[in-house]
Amino acid sequence: EVGSQIAKLCRGLPLAVVLVAGILATTAKDRWEEVAKSLSSIVLGDEYCMKTLELSYSHLPDYLKPCLLYFAAFKEDEVINVRRLLRLWISERFVQQAEGKRVEEAAHDYFVALVNRSLVKGVGQRTVGGAKACLLHDLVHEFCVKKAKEESFLYAIHTWNPLGLTGPSNPHRVCVHNTRELKIWELTLIFPNLRSLILFGHVHIEHEEEDLDILLPKLLRVLDFRNLKFCYSFPMEVVLLVHLRYLALRGVTYIPSA
């Protein structure tokens, strides 16, 4: 009876149906009435699916919440490589190592949990080991961006304009989606205590012109420059980043032993 009531409360919206199914799949049946009450309090309208997402998020275990919010770092409709995503989660220390499992296996379990809750969709299949890539429904991505900003979890910059930045005063995670006008020294001056930096876009870094030793925040744990191309050699300055756990570079043809 309560299942039928919940189905009606989804009001025929496909996203609401799969999200609520994800909640029920991990909720004991004797607590389904709580879900029904939460849904009945949501007013029908444009915000209905966002409110359903809020409900789905609130039902997540605490250890999965940062993993979901991390999708705010990526662009809308982006197909994300799962292996890359899991390595980022591990580097950010979101993943707790389970007894008898490698940390990579634990991270994959986190990913599967989000897929089973219909918050993330797997795309393509490896011969062994599940999905190759994943993506989010537009509204799920919008929710992640909004929630990440509310909780000062991650600051996403879509157009680089250092004079017009509005957001948390000193965020630990920043991603920049338009790097054509970006000057790394400006970024470092504005966000001196960065722990994670992901740059999207396409720009060439002239290693002779950019003194990364001065420019890169010393507390960086994650540095993803995969969309930038270094025109010369490996930037040895990153060796001085003693907290670094994740590094992605493109255009480097030789990596020194250091």
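As the structure is a computational prediction, the values presented were derived from the model and not from experiment.

1. A look at the pairing of strand β6 (residues 196–199)
A regular strand places its side chains on the two faces of the sheet in alternate fashion. Burial of the side chains of β6 extends over both faces: Ser196 and Ile198 are buried on one face and Leu197 and Leu199 on the other. In the sheet, strand β5 (residues 173–176) pairs with β6 via 4 bridges, with the strands oriented parallel. Counterpart to Val174 in the pairing with β6 is Leu197.

2. Considering the confidence of the model for the protein chain
The predicted model of the protein chain averages 81 in pLDDT, with 83% of residues at 70 or higher. Summarising per-element confidence for the protein chain, the mean pLDDT is lowest in helix α10 (residues 212–215) (54) and highest in helix α5 (residues 65–69) (96). Every residue in residues 207–211 scores below 50 in pLDDT, and together they form 10 contacts with partners more than four places removed in sequence or on other chains.

3. Overview of the nonpolar core
By size, the foremost hydrophobic cluster in this structure holds 48 residues, and its most contacted members are Tyr70, Phe71, Trp89, Phe111 and Leu114. For this core, the secondary structure elements donating two or more residues are α2 (14–25), α4 (48–58), α5, α6 (82–91), α7 (103–116), β3 (131–135), α8 (138–150) and β9 (246–250). No other element matches the 7 residues that α7 contributes to this core. Excluding residues within four positions of it along the chain, Leu114 makes contact with Leu60, Leu64, Cys67, Leu68, Phe71, Trp89, Leu119 and Val120. If you look at the next biggest cluster of nonpolar residues, it comprises 19 residues, including Leu199, Leu216, Leu228 and Leu244.

4. Comments concerning the pattern of salt bridges
Any two side chains of opposite charge can pair, given that their charged atoms come close. A complete count under the given rule lists 10 salt bridges for this structure. Each member of the salt-bridge network shares a partner with another, and the members are Glu54, Lys147, Glu150 and Glu151.

5. Let's talk about the packing of aromatic side chains
One pass over the full model with this rule turns up 6 aromatic pairs. Between Tyr63 and Tyr110 the ring centres are 4.9 Å apart and the planes differ by 40°, which places this aromatic pair in the tilted class. Remark: Tyr110 occurs in helix α7 and Tyr63 occurs in the loop between α4 and α5; sequence separation between them is 47 residues. The exposure class of Tyr63 is partly exposed, given its relative accessible area of 36%. Taking relative accessible area as the criterion, Tyr110 reaches 8% and is therefore assigned buried. Seen in terms of ring centroids, Tyr70 and Phe94 are 5.6 Å apart; in terms of plane orientation they differ by 75°. Their pairing is edge-to-face. In this pair, Tyr70 is assigned in the loop between α5 and β1 (80–81) and Phe94 in the loop between α6 and α7, connecting sequence segments 24 residues apart. Take Tyr70: its relative accessible area is 1%, and that puts it in the buried class. The rings of Tyr70, Phe94 and Phe153 are connected pair by pair, giving a single aromatic cluster. Across the ring face of Tyr57, the terminal group of Lys65 is positioned such that the distance to the ring centre comes to 5.3 Å. Cation over ring: Arg173 sits above Phe153, and NZ or CZ is 4.5 Å from the ring centre.

Calculation notes
- Residues numbered from 1 in each chain as written.
- Predicted model: local features only at pLDDT ≥ 70, side-chain atom pairs only at ≥ 80, totals over all residues.
- Heavy atoms only, no water.
- Buried < 20%, exposed > 50% of the residue type's maximum accessible area, 1.4 Å probe, protein only.
- Helix = DSSP H or I, 4+ residues; strand = E, 2+ residues; numbered from the N terminus.
- Pairing = 2+ DSSP bridges.
- pLDDT = per-residue confidence, 0-100.
- Contact = heavy atoms within 4.5 Å.
- Core = buried A, V, L, I, M, F, W, Y, C linked by side-chain atoms within 4.5 Å.
- Salt bridge = Lys/Arg side-chain N within 4 Å of Asp/Glu carboxyl O.
- Phe/Tyr/Trp six-rings, centres within 6.5 Å; stacked < 30°, edge-to-face > 60°.
- Lys NZ or Arg CZ within 6 Å of the ring centre and 35° of its normal.

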